[in-house]
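Architecture and fold: a report
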Amino acid sequence: MKKFVGLFLVLAVLMVVPAVDLVFAAGDEPGEYLDRRVIIWNLFYRLMTVGFVVGAVVSGTMIWQCWRFRESHPNAKPTPYEGTDW
Amino acid sequence: MSGHSNWPEWIYIGVIVALMVWVGAEAWEAERLVEHVPAGAETIIVTGQQWFWTFEHEDGTKEIGELHVEVGKAYKFEIISKDVNHSFNIHDYVVLMDAIPGRVNTVWFAPTDAGTHDIQCREYCGLIHYNMRGTLIVEDPTT
Amino acid sequence: MVLELQKPRPVWQIMFSTHHTDVGLLYLITSLAFLFLGGALALAIRAELFLPGAQIIGDAMTFNRIFTVHGTTLIFLFIIPFASSVGNYFVPIMVRYKDMAYPKLNAIAFWMIPPGGALIWLGFADFTWYATPPYSIISAPGPAADMWIFGLKILGISSVLGAINFIVTILKCKHPDMSIGQVPLLAWSFLSSSLIILVAIPTFAAALLMLLTDRLGVSGFFNPAMGGDPIAYAHLFWFTFHPEVYVLVIPAIGMMYEIIPRFSRKPIYSYNSGIFAFVLLSIVGFSSWAHHMYATGMSFTEKTVFMVGTLAAVPASAMHVFNFVATMWNARIKFLTPMMWSVGGIALFFSAGAGGVANAAMPLDFTTHDTYWVVGHFHLFVMGTIAFGSIGFLYYMFPYVTGRMYNETLGKVHFIMSFVGTVLVFFTQHVLGLYGMPRRIFDYPPIPEWIAMNQIATVGAMIIGISMAIFLANMIYSSGKGKLANTEDPFGVGGKYYYPFEAKNPSH
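Just so it is clear, the model here is predicted, and its values are computed rather than measured. (Residues numbered from 1 in each chain as written. Chains lettered and ligands numbered in written order. Predicted model: local features only at pLDDT ≥ 70, side-chain atom pairs only at ≥ 80, totals over all residues.)

1. Observations regarding the overall build of chain C
When you go through chain C residue by residue, the secondary structure sums to 17 helices and zero strands. The C-alpha radius of gyration computed for chain C amounts to 22 Å, which stays within 12% of the reference 23 Å derived for 508 residues, consistent with globular compactness. Based on the C-alpha atoms only, the size of chain C along its principal axes is roughly 60 × 50 × 45 Å. Here chain C holds 508 residues, and 61% of them are scored as buried. Partitioning the intrachain contacts of chain C with sequence separation of at least 6 by distance along the chain shows that 84% fall at a separation of at least 24. (Helix = DSSP H or I, 4+ residues; strand = E, 2+ residues; numbered from the N terminus. Rg over C-alpha atoms; globule rule 2.2 N^0.38 Å. Buried ≥ 20, exposed ≤ 12 C-beta atoms within 10 Å, placed from the backbone. Contact = placed C-beta atoms within 7 Å.)

Right, here's the structure in full:
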């Protein structure tokens, strides 16, 4: 549970800080120009963080269920459909 | 027809839709910022042709294969092509815009540090596409 | 079974046949031949890119031709004909009809594949599989370019004829006692992809004709020197080919819908979600085409519209992933070769989609457009999902087609090596793209990171190549000398099948 709260905080920060930051975004004077690299790569890293978290959840689920529900698992039991006319 | 409840699937779809909305909103905002060309940006005309880049500054200076710019100034590239499609790319500064014959495409940037960077072509344009390269030289301000 | 090598039927009987199982076999052999030919080209590309400088390919023009024909072959001469093979063999059986709706048209559609393929291979054009003007008009050497155009014209007509056949067979020829809501998901996948083909392909047919007349100099649709606009071609091309990628992936997912429930020994979690996801994807797939054109100078509003269209397709694809994961939950899974390929395919499908979301975000396209990120991304789809699903299904249908079993151990070795190789090549290429390496380049500057990643990718490709050689040997040997299969339940997973396995071929 604590892990989920921690993760949620990380993700919330990822979303809130840039949004607030943009309020103070740069203008049109020399020395105040936006650095396109920073904006773009920053967005990329945030998307990658979210993407890898989702990816870890999805692929972790798949790996676990392939291990747990394989027919050679000691606790493997027949599905309700086996032996019927499904 | 399955006789089981569907709420896990609805929650899953809800999460995915929320994620996509977030991605879209963030991307929209970032693009809006990145596309805003500053008022005083100096125009450089970039011409792509098989298989080299040429540049023309506002004051008429022309360069072939190399582009000299100054730290701290904003530059607006007006990109044209003389023959086939090319794509002007300064990867280190995330500058990318196609050079399409018959139209002028615009992209801007403001270099922050002195140094040299590669310019490459990022749209297949034939035999020497792989070597249609150039150099961006960012110099410290002269004043 | 249609391929009994111990008691071979006369080859002319198969070649002139219009029976759906024979046409399916013809499509199968042709598509597999092109898989190996296109794959060999890929190995040549990877060998060349192992180090900067010229290695095994002498000059840039040859390299450019090789990657053009590699892409064209694997998309138009492997993926689509392979799907047609599966569809031809199983759709009539699934809807409990004796054959396809138009058997002679079916055979004609197949026989357009070899001439189309011959035109592409004998021409060996160099303008990438997009054939983008103005290069393809003013700079690409003929007659290769014209042969490619004619070849694709013929292949496009073949696709459309096949699509008409599938739609009529499924909607009009299904058994009277079978409602559309009882038709297996694999058949639904063919219905969806065929409907997309009908709507999308004519646009490309028009574009091809315009490209040809532009090349001949009698028109100026895309040639700026004659008042045309190259961007018009980009719109026409991508209007077809974005939906086309769904044409490629939907049958492969349909094939997974056959395998995953069966090897999990329970029905699919939600048949209705499967249908909904196929139909939704088919429709929404038409709303995103210009995300391939973000760098061409479109306005902010245009880019936003297409970004929204792209992101809108994600939930539909995600529904399939959920369906498969939920099906495997509380199952008793037998991990034989077809199941391994399908589950591996779904895992890679998810990774491919996740990378795609990054591309869809407009500003991120500046980092990834036309770099190896895109190459890695789409190969995770075409190799990781479509080829994996197709190869898995090929193993699955092997006993039906030949009456024999393939060697299971070699099948598993094939999967493991291909999975490892696929991850090594295509995940690495995502990072390589972020480091800026453009696509379609014969040579690259000796940047250490680029060299290292190219080498990893080449090693991965060679692993895939070796596994494909093992696969070929397994298929050929087992077709003639494999152990006879238990035709009621070749994989020992139990359950009643939706449709009778015996396909009654009148020539047997």
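2. Section: the domain arrangement of chain B
Taken domain by domain, chain B consists of domain 1 (1-36) and domain 2 (42-139). For domain 1 of chain B versus domain 2 of chain B, the distance between C-alpha centres works out to 36 Å. (Domains from an automatic or database assignment.)

3. Some points on the interface of chain C and chain A
The partner chain A presents 24 residues to the 28 residues of chain C that form the contact. Listing elements by their share of the side of chain C that touches chain A, those giving two or more residues are helix H12 (314-328), helix H13 (337-360) and helix H14 (365-368) of chain C. Ranked by residues supplied to the side of chain C that touches chain A, first place goes to H13 of chain C with seven residues. Looking at the side of chain C that touches chain A residue by residue, the class counts come to 18 nonpolar, five polar and five charged. (Nonpolar A, V, L, I, M, F, W, Y, C, P; charged D, E, K, R; others polar.)

4. A few points about the nonpolar core
Ranked by size, the top nonpolar core spans 223 residues in total, and within it Ile79, Ala187 and Ala361 of chain C carry the most contacts. Apart from the residues lying within four places of it in its own chain, the contact partners of Ile79 of chain C are Leu74, Leu248, Val382 and Ile386 of chain C. (Core = buried A, V, L, I, M, F, W, Y, C linked by C-beta atoms within 7 Å.)

5. Observations concerning the environment of His377 of chain C
Residue and element names in this part refer to chain C. Mapped onto the fold, His377 is located in helix H15 (residues 372-402). A residue is classified by how many C-beta atoms lie within 10 Å of it, and His377, with 22 of them, is buried. Between the alpha carbons of His377 and Thr327 there is a distance of 27 Å; along the sequence they are 50 residues apart. Once residues within four sequence positions are removed from consideration, His377 is found in contact with Ala352, Gly355, Gly356, Asn359 and His430.

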